[in-house]
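The chain contents come next:
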Amino acid sequence: MRIDILTLFPQMFDGFLSCSIIGRARERDIVDVRLHDIRAYTHDKHHIVDEYPYGGGAGMVLKPEPIFEAVEAVKEELGLSSVPTVLLSPQGRLLNHEIARQLAHCQHLILICGHYEGIDERVAEHLATDEISIGDYLLSGGEVAAMVVVDCVVRLLPGVLGSETSLVEDSHTYGLLEYPQYTRPAIYRGWSVPSVLLSGNHGEIAQWRRQQSLLRTIKRRPDLIEKAALSDEDKRLLSEAFEIKS
Ligand code: 6GU
């Protein structure tokens, strides 16, 4: 997969792209990430990328021309007339695992990072094919959001994670919060690891984990439970947990 990122701050990506899972995926040539400085696509002496908003108001707005030209230069280099082009903005649809899965099927992806108060709407209307937000809060720019998109997409690409990790990704597990994890020591500062995990009984461990996932999802993310299709066994695990508690 190739990902082209358009940004005013390419340096922000240096650490992110060289470490951990993404660094390894790039070393293995599973993903090719290219950074493009939007400022390099200006033609004036001062390399101006932003202007005051028409109609007045606070802050500056990114001009359309350098962004259009940067995207067109990438498409030309790829020899493609259309490439999925995602604008990162707080006005976008909310990123989730399903969207990440769809993006992971793309051969090429262009990500546009906005900055300042906003970006000329013609970019969203006539250049981007998608507009994505990573949550209901304001970031100072789209760069961190682009890193979030790259991270959750790249880890889904074949060969990036070990097979053992990808097993955890089945659709059954998605939509519920993860169960609690423990490692050695078995007792730390007097706090013990739940005894079932030390029992060696894999059936009981699997049941306990599923029950924990269900319980913490109900408590912390009731919105997710409503969407999850709970099996009869899930319902039994829940009623068992509530019986023990009451
Ligand atoms: Cl994609 N950009 C900005 N500036 N803020 C955000 C965001 C994106 N997603 C959530 N907040």
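Predicted model only: the values in this text are computed from it and were never measured. (Residues numbered from 1 in each chain as written. Predicted model: local features only at pLDDT ≥ 70, side-chain atom pairs only at ≥ 80, totals over all residues. Heavy atoms only, no water.)

Quick look at the side chain of Asp234
Definition in use: Labels follow the DSSP assignment, with helices taken as runs of H or I lasting at least four residues and strands as runs of E lasting at least two, numbered in each case from the N terminus. Throughout, a contact is declared for two residues whenever any of their heavy atoms are within 4.5 Å.
With respect to the helices and strands, the residue Asp234 is situated in helix 10 (residues 232-245). Those residues in contact with Asp234 that lie beyond four places of it in its chain are Arg210, Leu214 and Ala229.

Some remarks on the sheet that holds strand 8 (residues 130-133)
As a reminder of what qualifies: Here, a strand pair is defined by DSSP locating no fewer than two bridges between the strands. Between the N-to-C directions of two axes lies an angle of 0 to 180 degrees, each axis being a line fitted to C-alpha atoms and, for a helix, fitted only over the stretch in contact.
Taken in spatial order, the 5 strands of this open sheet run 2-1-6-5-8, and their pairing is parallel. Pairing within the sheet leaves two strands with one partner each, and these edge strands are strand 2 (32-37) and strand 8. Mean inter-strand twist for the sheet, computed between neighbouring axes without regard to direction, equals 35°. Both strand 1 (residues 2-7) and strand 2 contribute to a ladder of 6 bridges, which runs parallel. Within strand 2, the position partnered with Ile3 by the bridge is Val33. Those strands touched by helix 3 (residues 64-78) are strand 1, strand 2, strand 5 (85-94) and strand 6 (108-113), and its axis lies near 160° from that of strand 1.

Some thoughts on a nonpolar patch on the surface
How we decide: Patch membership requires more than 30% relative accessible area and the absence of a salt bridge. Residues of like charge join within 9 Å; the nonpolar side chains Val, Leu, Ile, Met, Phe, Trp and Tyr join within 5 Å. Methods summary: accessible areas were calculated by the Shrake-Rupley approach with a probe of 1.4 Å, and residue burial reflects only the protein chains presented. Salt bridge, as used here, is a side-chain nitrogen of Lys or Arg placed within 4 Å of a carboxyl oxygen of Asp or Glu. Burial classes: relative accessible area under 20% of the type maximum marks a residue as buried, over 50% as exposed, and values in between as partly exposed (1.4 Å probe, protein chains only).
Residues Met12, Tyr137, Leu139, Val144 and Val148 make up a contiguous nonpolar surface patch of about 410 Å² in total accessible area. With relative accessibility at 36%, the residue Leu139 sits in the partly exposed group.

Quick look at the domain arrangement of the protein
The following threshold applies: How far each domain reaches was decided by an automatic or database domain assignment.
When its domains are assigned, the protein resolves into domain 1 (2-154) and domain 2 (171-245). Domain 1 and domain 2 are separated by 38 Å when their C-alpha centres are compared.

A word on the site of the ligand
Let me state the cut-off plainly: Consider each residue's heavy atoms; a residue with any of them within 4 Å of a molecule or strand counts as near. Distance and chemistry together define a polar contact, namely a pair of N or O atoms within 3.5 Å, with one atom able to donate a hydrogen and the other to accept it when in protein, and with adjacent residues in sequence counting only for side-chain atoms on both sides.
Around the ligand sit Leu88, Ser89, Pro90, Ile132, Ser133, Ile134, Gly135, Tyr137, Leu139, Gly141 and Ala145, and that is every residue in its neighbourhood. A distance of 3.0 Å separates a nitrogen atom of the ligand from a polar atom in the backbone of Ile134. Separating a nitrogen atom of the ligand from a backbone N or O atom of Leu139 is a distance of 3.1 Å. When isolated, the ligand has an accessible area of 290 Å², and the protein chains bury 95% of it.

Looking at the sheet that holds strand 3 (residues 50-51)
Each strand in a sheet pairs with its neighbour through backbone hydrogen bonds, running either in the same direction (parallel) or in the opposite one (antiparallel). Reading across from one edge, 3-4-7 is the order of the 3 strands in this open sheet, with mixed pairing throughout. Each edge of the sheet is formed by a strand with only one pairing partner; in this case those strands are strand 3 and strand 7 (118-119). Bridge count between strand 3 and strand 4 (residues 61-62): 2 bridges; the pairing is antiparallel. Residue pairing for strand 4: Asp50 is matched across the bridge by Leu62.

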